[in-house]
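Residue strings, one per chain:
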Amino acid sequence: MKIKKFEFNMFPVNCYVLSDETNEAVVIDPGCFYEEEKEALKSYLSRHGLVLKHVLNTHLHLDHIFGNPFLFQEYGLRPEAGQQDEFWLAQASVQSRMFGFRYDEQQPSIEKYVCDGDIIRFGNIELEAIHVPGHSPGSMVYYCKQEHCLFSGDVLFQGSIGRADLAGGNFDELREHICSRLFVLPEDTKVYPGHGHSTTIGFEKKNNPFFR
């Protein structure tokens, strides 16, 4: 599986494009806000002849959904995400004002609710959805067993975990679910987070200060 990471800078957020030899692809967390960011993502898909099959959101906080309208307009795909986070879509403009700017773009509705244990397929790749609430009530981690990696959104970072002070957040729940749902995975599992650098499950189990 090929993994391309884009870092978008309205809020420095990691967007991932996954593809395989069939050229089918998914985009995880399209955080592209500026026109040049949208064009960079579109150009990558076009340049490599990729056929976009899914737009996946790990959760629906503003910085992870900026690019959803663009991908809907360009490819006709609406996002797939946890139903428990759906309320955030209507709150996008309110969220933007919290951070001191105005954002009034209409967010497309959810194409399909992602539930714990769902398998998302593209090409010869399977991603398993793992529900890890606490940062947001509907946070989903996408785990690829065959490639020994996962995409953790804002659940787990290198040396940290997600904030739990926004609507629907719960710090104890977040820690508990990371331990029971993610730390049971093989220690060599690569973790690609929504912000910052990649890490591994083994490294976080041993070194993350939130679990000492």
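Structure: see above.
Keep in mind it's a predicted model, so treat the numbers as computed, not measured. (Residues numbered from 1 in each chain as written. Predicted model: local features only at pLDDT ≥ 70, side-chain atom pairs only at ≥ 80, totals over all residues. Heavy atoms only, no water.)

A few words now on the pattern of salt bridges. Per the counting criterion, the structure on display carries nine salt bridges. With a shortest N-O distance of 3.1 Å, Asp116 and Arg181 are connected by a salt bridge. With Asp116 in the loop between strand 6 (112-113) and strand 7 (119-122) and Arg181 in helix 5 (residues 171-182), this pair connects stretches of sequence that are 65 residues apart. Looking at Arg181, the relative accessible area reads 26%, which means it is partly exposed. Across the pair Arg121 and Glu126 runs a salt bridge, and its minimum N-O distance is 3.2 Å. On the basis of relative accessible area, Glu126 is assigned to the partly exposed category, the value being 37%. (Salt bridge = Lys/Arg side-chain N within 4 Å of Asp/Glu carboxyl O. Helix = DSSP H or I, 4+ residues; strand = E, 2+ residues; numbered from the N terminus. Buried < 20%, exposed > 50% of the residue type's maximum accessible area, 1.4 Å probe, protein only.)

With that settled, consider the nonpolar core. Within the largest apolar cluster, 17 residues are counted, with the highest numbers of intra-cluster contacts made by Leu18, Ile28, Ile120, Leu127, Tyr142 and Phe151. Where this core is concerned, the elements lending two or more residues are strand 2 (13-19), strand 3 (24-28), strand 7, strand 8 (125-131), strand 9 (140-144) and strand 10 (149-153). Apart from residues no more than four positions distant in its own chain, Leu18 is found in contact with Met1, Lys2, Ile3, Glu24, Ala25, Val26, Ile28, Phe122, Leu127 and Phe151. (Core = buried A, V, L, I, M, F, W, Y, C linked by side-chain atoms within 4.5 Å. Contact = heavy atoms within 4.5 Å.)

Next up on the list: the packing of aromatic side chains. Applying the stated criterion to the full structure yields 13 aromatic pairs. Geometrically, the ring pair formed by Tyr16 and Tyr192 is edge-to-face, given 5.7 Å between the ring centres and 65° between the ring planes. Pair noted here: Tyr16 is in strand 2 and Tyr192 is in strand 13 (residues 190-193), with a separation of 176 residues, a long-range link. For the pair Tyr16 and Tyr192, one class covers both residues: buried. By the ring-pair criterion, three or more aromatic residues cluster together here, those being Phe11, Phe33, Tyr34, Phe66 and Tyr103. (Phe/Tyr/Trp six-rings, centres within 6.5 Å; stacked < 30°, edge-to-face > 60°.)

Time to look at helix 2 (residues 68-75). Regarding helix 2, the residues found buried are Asn68, Pro69, Phe70 and Leu71. Taken from the residues just after helix 2, Gly76 is the one with a positive phi, measuring 70°.

The strands that make up a sheet are held in pairs by hydrogen bonds between backbone atoms, and each pair lies either parallel or antiparallel. If you trace the six strands from one edge of the open sheet to the other, you get 7-8-9-10-13-14, paired in mixed fashion. Each edge of the sheet is formed by a strand with only one pairing partner; in this case those strands are strand 7 and strand 14 (199-200). Most of the contacts of helix 5 go to strand 8, to which it runs at about 145°, and overall it touches strand 8, strand 9 and strand 10. (Pairing = 2+ DSSP bridges. Axes fitted to C-alpha atoms, helices over the stretch in contact; angles between N-to-C directions.)

For Asn23, which is not glycine, the phi dihedral falls at a positive 70°. For Asn23, the position within the fold is in the loop between strand 2 and strand 3. Judged by its relative accessible area of 27%, Asn23 falls in the partly exposed class. One non-glycine residue, Asp29, lies in the positive phi region at around 60°. Tracing the backbone shows Asp29 in the loop between strand 3 and helix 1 (35-47). Assessed through its relative accessible area of 2%, Asp29 is described here as buried.

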